[in-house]
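# Topology and contacts: notes
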Amino acid sequence: MTFQAIGRPRVEVVIVQDAGAGGELVAQGIADLLHRKPDALLGVATGSTPLPVYEALAARVRTGAADVSRARIAQLDEYVGLPAGHPESYRSVVLREVVEPLGLSPDAFIGPDGSADDVRAACEAYEAALAAAGGVDLQLLGIGTDGHIGFNEPCSSLASRTRIKTLTEQTRTDNARFFDGDIEQVPHHVVTQGIGTILEARHLVLLATGEGKAEAVAATVEGPVAAVCPASALQLHPHATVVVDEAAASKLKLAGYFRHAYAHKPAWQAL
C-alpha cells in the first residue's frame, strides 16, 4: 500500500473497524512512503488517537518491515510556558512516544520552542526550519471535539501560519486528563502550526476515533469549508485522507458512499 494523490477530487474517507485497524493502515502507508523517500519529513500529532499508528510503525521497525533510519520528525504544536523537559510538553511526548520507540536520534526532530523568551521569533524560526527541511511529506492530524486541528481553534484563519493561540476552555478541559485531571495545570496558550502551514504538507492524514468526534468529522468532510470548523480546510487540499472508526463515522450522511468508494478503488490508486 502506498499513499498517492492521483485522481482525488475530494477528501478520501476510510472507515475502519476500530482504532487498531486505523493504526495498521496508516503505519503501512508511512512505511511505504519511507520506502520511496527514506528521508521523508513526518509531521506528528500528540494525544491518544495517533498512538496506534506509532505502535504499529514501531512494530514494523522491529521486524525489519519498515526502515525509519533516515526519517525526520516535525512537531505540530507546543504549549507556551512549559519547560522543554516537562513530561507533558509536546516535545517530551513526541520524544517518548515517537522518536525513542522508532530508534531515531533526537537530532532528527524539529519542533517549535514554546519556552523561548521571544515566542513570536520562535514561531518564525520554526516556519524557517520547516522550509529548510524541504517541507512536511506527510502530516498526521487529530481533531478536537470542536473541529480544531493542531491548536487552530474555531474561527482561526484558514491562511494562518505558525503562531501563538489561546486555548478554548473546552480544549483545556479535554486536555486536563494529561495533567492529573486538573484544568488549572493546563496552559492557556500554545504555539501551533497555522492552518495555512498545515495545508502545505504534501499529504494530510487525519485520524479520529470514538463517538465524541463524530460531529466534528461530519462537519469536516460533509459541511462547508468554514473557519468555525478548522478541519474543514482539508477540503482545500489535493491529497487529504480521513481515517475514522465506526463510532467516529456514525454521523456521516454519506458513509455508505465512502465505504463503496474505498471498496471499489482502482488497483493503481492506493490510499
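A quick note: this is a predicted structure, and the numbers were derived from the prediction, not measured.

Once that is clear, we can look at the sheet that holds strand E10 (residues 240-245). Taken in spatial order, the seven strands of this open sheet run E1-E10-E9-E6-E2-E3-E5, and their pairing is parallel. In this open sheet, the two strands that pair with only one neighbour each are strand E1 (12-16) and strand E5 (109-110). Alignment of strand E6 (residues 138-141) against strand E9 (residues 203-208), held across four bridges, turns out to be parallel. Along E9, the bridge assignment pairs glutamine 139 with leucine 204. Against the sheet, helix H4 (residues 119-132) engages strand E2 (41-44), strand E3 (72-75) and E5, with an angle of about 155° to E3.

The next point concerns the pattern of salt bridges. In the structure shown here, the tally under the stated rule is eight salt bridges. Here arginine 60 makes a salt bridge to glutamate 24, at a shortest N to O gap of 2.9 Å. Here glutamate 24 lies in helix H1 (residues 19-36) and arginine 60 lies in helix H2 (residues 51-63), a separation of 36 residues in the sequence. Between arginine 259 and glutamate 246 there is a salt bridge, with the nearest N and O atoms lying 2.9 Å from each other.

Of all the residues in helix H8 (residues 255-263), the buried ones are Ala255, Phe258 and Ala261. Viewed along the axis of H8, the buried residues span an arc of 125°, placing them on a single side of the element. Of the surrounding secondary structure, the elements contacted by the buried residues of H8 are E1 and helix H7 (214-222).

Spatially, E4-E8-E7 is the arrangement adopted by the three strands of the open sheet, whose pairing is antiparallel. Each edge of the open sheet is held by one strand with a lone partner, namely strand E4 (77-79) and strand E7 (163-166). The sheet shows a mean angle of 30° between the axes of neighbouring strands, direction not considered. Where E4 lies against strand E8 (residues 189-192), three bridges are found, and the strand directions are antiparallel. Among the inter-strand pairings, glutamate 78 is bridged to a residue of E8, identified as valine 191. The sheet strands contacting H4 are E7 and E8, and the helix crosses E7 at an angle near 125°.

Both faces of the sheet carry side chains from a regular strand, because those side chains alternate between them. Most of E9 is tucked away: six of the six residues are buried. Residues His203, Val205 and Leu207 of E9 are buried on one face, and the alternating residues Leu204, Leu206 and Ala208, pointing to the opposite face, are buried as well. Judged from the five bridges that link them, E9 and E10 form a sheet pairing that is parallel. Bridge assignment links leucine 207 to a residue of E10, and that residue is valine 243.

Criteria and cut-off values
For every chain, the first residue of the written sequence is number 1, and numbering continues from 1 onward in sequence order. Thresholds applied to this predicted model are a pLDDT of at least 70 for local features of residues and 80 or more for the giving and counting of side-chain atom pairs; totals over whole chains, interfaces and linings are not thresholded and use all residues. By convention in this description, side-chain values take in all heavy atoms of the structure and omit both hydrogens and water. Two strands qualify as a pair provided that DSSP identifies no fewer than 2 bridges between them. Every helix listed is a DSSP run of H or I at least four residues long, and every strand listed is a run of E at least two residues long, numbered separately from the N terminus. We call two residues in contact when some of their heavy atoms are within 4.5 Å. Axes here mean lines fitted to C-alpha atoms, for a helix over just the part in contact, with angles spanning 0 to 180 degrees between N-to-C directions. A pairing counts as a salt bridge when a side-chain nitrogen of Lys or Arg comes within 4 Å of a carboxyl oxygen of Asp or Glu. Residue burial is assigned from relative accessible area. The probe radius is 1.4 Å, only protein chains are included, and a residue is buried under 20% of its type maximum, exposed over 50%, and partly exposed in between. By construction, the arc corresponds to the directions joining the helix axis to the C-beta atoms.

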